[in-house]
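What follows is the residue order along each chain.
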Amino acid sequence: MVRSIGVAVIGAGMAGRAHAHGYRTAGTVFSPGLPPVRLVSVADINHDLARETARRYGFERGDSSWEAVVKADDIDVVSVVVANDLHREIVAALATAGKHVLCEKPLAPTSDDARAMLEATEAAGIVARVGFTFRRTPGIGAVREEVRSGRLGRPLHIGAQYWTDYGCDPRAPMSWRYRGGPGSGALADLGSHLTDVAEFLLGPVEAVIGAQLTTVIGERPKPLGHVVGHGHAEVSDEREPVGNDDWASLSVRFTGGATGDLSVSRIAYGHPNTLRFEVFCERGAAAFDVSQAGEFHLATSEAPGFRRVIVGVDHPYVSGGLAMDATGIGTGHNDSFVYQARAFLDEVAGRDELPRNASFADGLHNLLVEEAAVRATESNTPTPVHS
């Protein structure tokens, strides 16, 4: 038996705070029996931010480097929530130190990096998972059950969008999100989530039939200080070219024969965070919009036209997953981070109550789909997803 689990989060920004909140709350949901969780460290190169986030979420200390977390004897599991190009080095060091890892998506900048991370974690024998948090959304889980049950018939097509507007303002400061080559922008940031949701519903993508990447805002001002999340900061008069995509679309084919049209944007004015989809099957359809997370919609041959279904205790994660676990109370994306953290901690402790989080192999496959999309933009021909 694991007596207690010491937790750290590397990265104190927006997503890092969501992970910290998840760990703080994980022991309050579902069945008892999770070993005591020790909230040990939040680490960030911005030490003031690390200490503030640690204080806010009840962690013992704020560290100024990820290396401090690697060396610490009182830490067992770590969330890695930093810029994508830092993932490989940090995860490899954590694996060598024997610490279990929950890494934010996308797993790495390239599939080669992801393979190296997968090999390192397998050699170390640690639990290594990827944060595809939308898998924990109750409404998405409910639609998956409808599709996978066969009640709607064979899946035919999915139309899905993940539209945000955090990049709309050309005065917003340059950050790591706007650096990198084709595919490392909206496709990596948002497309990684959307592709995983599509595969969560319909199974693996086997080919990208066509794709397009577009950069609309060609340069951004350099910041004078540290940029946190999608936030603004003071900027200089000096500007830097944007190296990746503001908007991306791809058409895909799944191994089961269904097709899909996926669209992502960080410049979709008026959409702060809109992930939505419609799945069409032989005998029905299902739709979901995260901005109305407390419901989804079904259309069946018995009742033509979409009907509204309220997310409730008969759907994933609601019963036992909320302080007031009643139908119609509603859930949000912050709850998904709690369920993700609980599933990760359960696995480390040898428990098996919740479905496992996505594996590093899943994270690698996700990157292969993204890379196939980039190749499709260059060749303008159907592009298989290489293994």
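Bear in mind that the values here come from a model prediction, so they are computed numbers and not experimental data. (Residues numbered from 1 in each chain as written. Predicted model: local features only at pLDDT ≥ 70, side-chain atom pairs only at ≥ 80, totals over all residues. Heavy atoms only, no water.)

Student: What's the story with the packing of aromatic side chains in this structure? I'm lost.
Tutor: With the rule as written, the count across this model stands at five aromatic pairs. Taking 6.4 Å as the distance between ring centres and 65 degrees as the angle between the ring planes, the aromatic pair formed by Phe30 and Tyr317 counts as edge-to-face. Taken together, the positions of Phe30 in the loop between helix H1 (14-26) and strand E2 (37-43) and Tyr317 in the loop between strand E16 (307-310) and helix H8 (333-348) put the pair 287 residues apart, joining distant regions of the chain. Classification of Phe30 as buried rests on a relative accessible area of 17%. A relative accessible area of 13% places Tyr317 in the buried class. A cation sits over an aromatic face here: Arg144 above Phe200, 4.3 Å from the ring centre. In this arrangement the basic side chain of Arg220 is found over the ring face of Tyr178, its NZ or CZ atom lying 4.0 Å from the centre. (Phe/Tyr/Trp six-rings, centres within 6.5 Å; stacked < 30°, edge-to-face > 60°. Helix = DSSP H or I, 4+ residues; strand = E, 2+ residues; numbered from the N terminus. Buried < 20%, exposed > 50% of the residue type's maximum accessible area, 1.4 Å probe, protein only. Lys NZ or Arg CZ within 6 Å of the ring centre and 35° of its normal.)

Student: Is there a simple way to explain the pattern of salt bridges in this structure?
Tutor: Any two side chains of opposite charge can pair, so long as their charged atoms come close to each other. For the structure shown, the criterion picks out 26 salt bridges. Where Arg253 meets Glu206, a salt bridge forms, and the shortest distance between an N and an O atom there is 2.8 Å. One end of the pair, Arg253, is in strand E11 (residues 247-254); the other, Glu206, is in strand E8 (residues 205-214), and 47 residues separate them in sequence. Note that Arg351 is salt-bridged to Asp346, the shortest N-O span being 3.1 Å. Each member of the pair, Arg351 as well as Asp346, is classed as buried. Connected through salt bridges with shared partners, the residues Arg129, Glu347, Asp352 and Arg356 form a single ionic network. (Salt bridge = Lys/Arg side-chain N within 4 Å of Asp/Glu carboxyl O.)

Student: When you look at the nonpolar core in this model, what are you seeing that I'm missing?
Tutor: Proteins that are soluble and globular tend to have nonpolar side chains buried together. Formed by 87 residues in total, the largest nonpolar core has its most connected members in Phe277 and Phe360. Every residue in contact with Phe360, bar those within four places of it in the chain, is listed here: Val91, Val101, Cys103, Leu107, Met117, Leu118, Thr121, Ala128, Arg129 and Val130. Core analysis: the second largest hydrophobic core is formed by 23 residues, Tyr23, Val42, Ala54 and Phe59 among them. (Core = buried A, V, L, I, M, F, W, Y, C linked by side-chain atoms within 4.5 Å. Contact = heavy atoms within 4.5 Å.)

Student: Would you take a moment to explain the layout of surface pockets for this structure?
Tutor: Think of a ball as big as a water molecule: rolled over the atoms, this probe shows where empty space is left. Taken as a whole, the second largest pocket encloses approximately 380 Å³ of empty space. Forming the boundary of the second largest pocket are 20 residues, of which Asn84, Pro109, Gly180, Ser184 and Ala188 lie nearest the centre. Counting residues per element, the ones that place at least two in the lining of the second largest pocket are helix H7 (186-202) and helix H9 (360-379). In terms of residue count, H9 provides more of the lining of the second largest pocket than any other element does, four residues in total. Each residue belonging to the lining of the second largest pocket can be placed in one class, and the counts come to ten nonpolar, six polar and four charged. (1 Å grid on protein atoms, 1.4 Å probe; cavity = no way out; pocket = protein on both sides within 12 Å on 5 of 7 lines; lining within 4 Å. Points joined across faces, edges and corners; volume = space filled by probe spheres on them. Nonpolar A, V, L, I, M, F, W, Y, C, P; charged D, E, K, R; others polar.)

Student: Just to check I follow, could you spell out the packing of helix H4 (residues 87-96) against helix H5 (residues 111-124) for this structure?
Tutor: Helices that pack against each other are described as a pair by the angle of their axes relative to one another and the distance between those axes. For the pair H4 and H5, the least separation of the axes is 9 Å and the interaxial angle reads 5 degrees. By the angle between their directions, the pair H4 and H5 is classed as roughly parallel. Here His87, Arg88, Val91 and Ala95 of H4 come into contact with H5, specifically with Asp112, Asp113, Ala116, Met117, Ala120, Thr121 and Ala124. The residue makeup of the contact of H4 with H5, split by class, is six nonpolar, two polar and three charged. (Axes fitted to C-alpha atoms, helices over the stretch in contact; angles between N-to-C directions. Parallel < 35°, antiparallel > 145°, perpendicular 65-115°, else oblique.)

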